[in-house]
Amino acid sequence: MLKKLYLVFGFGVLAFYGVASWFGWELANSGSHSRLGVPFFYSGFRGGK
Amino acid sequence: MSVLQTNCPSCGGQVEFKAGSTIVVVCPFCRSAIARTDRGLEDIGKVAEIVDSESPLKLGLKGTYNGTRFELTGRAQMRHELGGSWDEWYATFSNGWVGWLAEAQGHFYLTFYQPLPAGTMLPTFDGLQLGQNVTEIPSPTPLMVQERGHGTTAAADGEIPYKLTPGEGFAYADLAGKDNAFATIDYSMEPPWVFIGSKVTLDEIGLGDAKPVQREARRTTAASMGCPNCGGPLALVAPDKSERVTCPNCDSLLDVNQGNLTYLHALNPPPNAPDFVAPVGAEGTFPDGNTYKIIGAVVRSVTMEGVQYFWHEYLLYNATIGFRWLVHSDNHWNFVEPINPAEVTSAGMTVSYNGQTFKIFQDAPAVVEYVKGEFYWRVEQGETVRAIDYVAAPLMLSQEISQNEINWSLGKYMTNDEVEKIFGISGLPRPWGVAPNQPFTGRFYYTWGALPLLLLLVVAVFMIPLSGLTKTVLDQQITLPPMQNATTAQAQFSQAFEIKGNNNVRITAAAPVDNSWADLDVDLVNDQNQEVESVNIPVEYYSGVDDGESWSEGGKETDATLSALPAGKYTLRVEGTWQNWQAQMPVTVKVEQGVNRGVNFCCAFLLLLLVPVLGFFRKFSFESARWRDSMFTSSGTTNTGDSGGDDE
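Predicted, not measured: the structure shown is a model, and the values here were computed from it.

## A short note on the overall build of chain B
Part 1 of the reasoning: Along the backbone of chain B there are 3 helices and 40 strands.
Part 2 of the reasoning: What you see for chain B is a C-alpha radius of gyration of 42 Å, clearly larger than the 26 Å of a compact globule of 648 residues, by over 25%.
Part 3 of the reasoning: Considered along the principal axes of its C-alpha atoms, chain B spans approximately 145 × 55 × 55 Å.
Part 4 of the reasoning: When burial is assessed residue by residue, chain B has 33% of its 648 residues classed as buried.
Part 5 of the reasoning: Sequence separation of at least 24 residues holds for 58% of the intrachain contacts in chain B that already meet a minimum separation of 6.

## Regarding the packing of helix α1 (residues 2-23) of chain A against helix α3 (residues 599-628) of chain B
Part 1 of the reasoning: Direction vectors running N to C along α1 of chain A and α3 of chain B enclose 175 degrees, while the axes themselves pass 10 Å from each other. Relative to α3 of chain B, α1 of chain A is oriented roughly antiparallel. Across from Y6, G10, V13, Y17, A20 and S21 of chain A in α1 of chain A, the residues of α3 of chain B making contact are N600, A604, L607, L608 and V611 of chain B.

## Quick look at the confidence of the model for chain B
Residues and elements named next belong to chain B.
Part 1 of the reasoning: For chain B, per-residue confidence averages 88 on the pLDDT scale, and 94% of positions sit at 70 or higher.
Part 2 of the reasoning: Taken as a whole, residues 215-224 scores under 50 in pLDDT and shows 17 contacts with residues more than four places along the chain or in a different chain.
Part 3 of the reasoning: Within the model, pLDDT remains below 50 along residues 642-648, and this stretch shows 18 contacts once partners closer than five positions in the same chain are excluded.
Part 4 of the reasoning: At the level of chain-chain contacts, confidence expressed as ipTM amounts to 0.72, with global pTM at 0.73.

## Observations regarding the environment of M463 of chain B
Part 1 of the reasoning: Mapped onto the elements, M463 of chain B comes out in helix α2 (residues 451-466).
Part 2 of the reasoning: For M463 of chain B, a count of 19 C-beta atoms within 10 Å corresponds to the partly exposed category.
Part 3 of the reasoning: In this structure the C-alpha to C-alpha distance between M463 of chain B and N596 of chain B, which are 133 residues apart in sequence, comes to 9.9 Å.
Part 4 of the reasoning: Residues within four places of M463 of chain B in sequence aside, it is in contact with G18 and S21 of chain A.

## A look at the sheet that holds strand β34 (residues 505-510) of chain B
Residues and elements named next belong to chain B.
Part 1 of the reasoning: If you walk across this open sheet you meet the 4 strands as β31-β40-β34-β38, and the pairing is antiparallel. Every interior strand has two partners, whereas the edge strands, β31 (471-480) and β38 (557-562), have only one. Averaged over all neighbouring strand pairs, the angle between strand axes comes to 15 degrees, with direction disregarded.
Part 2 of the reasoning: Across 6 bridges, β34 lies against β38 in antiparallel orientation.

## Observations concerning the nonpolar core
Residue and element names in this part refer to chain B.
Part 1 of the reasoning: Ranked by size, the top nonpolar core spans 53 residues in total, and within it A33, I34, A156 and L175 carry the most contacts.
Part 2 of the reasoning: For this core, the leading source of residues is strand β11 (residues 144-160), giving 6 residues.
Part 3 of the reasoning: Those residues in contact with I34, other than ones at most four positions away along the chain, are C8, P9, V15, V24, V25, C27, L41 and D43.

## Side note on α1 of chain A
Within an α-helix, residues lying three or four positions from one another point in the same direction, as the helix has 3.6 residues per turn.
Part 1 of the reasoning: Compared with the 32 Å implied by 1.5 Å per residue over 22 residues, the 31 Å span of α1 of chain A between its first and last C-alpha is a close match.
Part 2 of the reasoning: In the stretch just after α1 of chain A, G24 of chain A is the one whose phi turns positive, near 75 degrees.

## Focus: the pairing of strand β29 (residues 395-401) of chain B
Residues and elements named next belong to chain B.
Part 1 of the reasoning: As paired strands, strand β28 (residues 384-392) and β29 are joined by 7 bridges and run antiparallel to one another. Bridging across to β29, V391 finds its partner in M396.
Part 2 of the reasoning: Joining the antiparallel neighbours β28 and β29 is a turn of 2 residues.
Part 3 of the reasoning: Here 7 bridges tie β29 to strand β30 (residues 406-414), and the two strands are oriented antiparallel to one another. When the bridges of β30 are listed, S398 appears paired with S409.

## Examining unusual backbone geometry
All names here are of chain B.
Part 1 of the reasoning: Cis peptide bonds are those with omega within 30 degrees of zero, and the linkage from E190 to P191 qualifies with 0 degrees.
Part 2 of the reasoning: Relative to the elements of secondary structure, P191 occurs in the loop between β13 (181-186) and β14 (193-200).
Part 3 of the reasoning: Residues A393 and P394 are joined by a peptide bond in cis, for which omega reads 5 degrees.
Part 4 of the reasoning: Note that P394 resides in the loop between β28 and β29.
Part 5 of the reasoning: Phi is positive for D330, close to 50 degrees, though the residue is something other than glycine.

## Here we look at the confidence of the model for chain A
Note that predicted coordinates carrying low pLDDT should not be read in detail.
Part 1 of the reasoning: Here chain A shows a mean pLDDT of 65. Residues at 70 or above account for 53%.
Part 2 of the reasoning: Contacts of residues 31-49 of chain A to residues separated by more than four positions or lying in other chains number 49 contacts, the stretch itself having pLDDT below 50.

## What about the environment of E420 of chain B?
Residue and element names in this part refer to chain B.
Part 1 of the reasoning: Residue placement: E420 occurs in helix α1 (residues 416-423).
Part 2 of the reasoning: Owing to 15 C-beta atoms within 10 Å, E420 belongs among the partly exposed residues under this scheme.
Part 3 of the reasoning: Sequence separation between E420 and G284 is 136 residues; the distance between their C-alpha atoms is 9.7 Å.
Part 4 of the reasoning: Among residues more than four places away in sequence, those in contact with E420 are I425, S426 and L428.

## Looking at the environment of M631 of chain B
Part 1 of the reasoning: Assignment of secondary structure puts M631 of chain B in the segment after α3.
Part 2 of the reasoning: With 16 C-beta atoms counted inside 10 Å, the residue M631 of chain B sits in the partly exposed group.

Calculation rules
- Residues numbered from 1 in each chain as written.
- Chains lettered and ligands numbered in written order.
- Predicted model: local features only at pLDDT ≥ 70, side-chain atom pairs only at ≥ 80, totals over all residues.
- Helix = DSSP H or I, 4+ residues; strand = E, 2+ residues; numbered from the N terminus.
- Rg over C-alpha atoms; globule rule 2.2 N^0.38 Å.
- Buried ≥ 20, exposed ≤ 12 C-beta atoms within 10 Å, placed from the backbone.
- Contact = placed C-beta atoms within 7 Å.
- Axes fitted to C-alpha atoms, helices over the stretch in contact; angles between N-to-C directions.
- Parallel < 35°, antiparallel > 145°, perpendicular 65-115°, else oblique.
- pLDDT = per-residue confidence, 0-100.
- Pairing = 2+ DSSP bridges.
- Core = buried A, V, L, I, M, F, W, Y, C linked by C-beta atoms within 7 Å.
- Expected span 1.5 Å × (residues − 1).

Okay, structure coming up:
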């Protein structure tokens, strides 16, 4: 059971990576108020304005 | 067959020498052994009756070996010097051959007399070493001495192809070779006779339909064969094979001699040994598909550095298969079967068997501490053998060396659940630690579990061209006029440019700062809907020389990356403050798309790497724990006990 769960997780990560690459989603290192694009990715490493 | 009918010189009853090879016939009326000699018939003494056994064979059975038909025409029962007995059946073949079909503990060995070339000198009985190859015997495979011992002719029936003398003792050596090769040297003759053949199954010799005699277990009673010490009743499961039995009522060890019980001594269980967890008498079907009954249980121990370690061995019995063992140690279980010693190849600290390499794990004297039930040998408290264990999880090869015998057995690890299912019980104590041959069950996480990781690499390689290569969509210099004061920012717009959807955006700003800073707020303004995405890009650069060493910090160019934006026409609004506010600030801004920063890949890679790495760590810990209890390390060197053992 645990093995199946892990595979689901693994392939989920893989699928997420593929989708993000396709749509240009990025774990951005900047960006601010998430009025555009995908809010989830706008955490940014340095923060925005 | 040339039948010779005659009368028994002892009782006058009619006896027949059916086979030309028959030397002795046992008179079925008076049990005299009648030998056919040059001078006529000779009565060579009374022969005891065959002890009733559960053998599937009987006189008159017909079989086929290598296309030649045979009939079982005679039988002798031999007693081993250390207790126990075996049967020898004499197979008279249609072409005149005589085969010796030995039956011991459920195994069958068919051998034929093999004259040796003139001048061949076999090793003497005393000169034979256990484990040595007897190269003087012509054989396609080397024959290794497995056992040497003494036997006595105890009983006989039918026609015997040699001059059998009742009660006569003889020395013998059993040899084993690869591919079930088997040989016996009979030292009762001078020079010794050699019999060569192989271990066979009843199916292989056309006797597969022979079934073991089904009988009720003999139940002795106080009136007939009760315990000679306390008079309590006893039940023997394998009365014809048992040499020792313990009384469940008074815990005495009894000798079994053809059904007669003799009190030997009281048994004292060692005070520190754990109790048996499986009852004698329990029955179940094992992974090999056969049903076995626990008929005996033994507590054994080894002593390491002054500490005594105990384990239990349960003797399993099946009338057709013979004996097997179920070993219980630290609440781990192993099903153990005997194997052909000649199939094991030793190479120093490792041995090979059936294409697998086993590493040495333990080499210590194993002592019998306590017994319960019945046993096919004359078991004694204090009985000691040298026991060497080799492991290749889930298998364990064990070698036991006594004075006259070398035995190899193969154990296979069983889980508690499997054992509980076999006996229909529950609540067996859970194992602790790692057993020497316990298989590691987490292999999946660093084998198949690494599949998403590998696929990530493949996907990443394909996604680079698919998601586009880096493309510059704006590269422009914007000059910000001098600030009115140190805090009021200046702003300028860039020219308009096109941004594609589904591509990330990197904005790079360069300013000619030198030991100063410029703080730039850059807005990406969508010309269609005026929506704004803002990033802050601080640019600062400091350098100097300290103690003759030049240094620098920061840079004159900084970038910020955004996720994909909706496609369309955009303009940059660059607003900034800077340290030298009285001067204008030329800023070069560059906007790129399809930048492969690898952040997504790194995050996914680390996420997917986590479980395989943890799997490897678990494997390492597991193997360390396995070898911690060994006298050796996994590489075969002696374990000093300082470390937890090394790993593969």
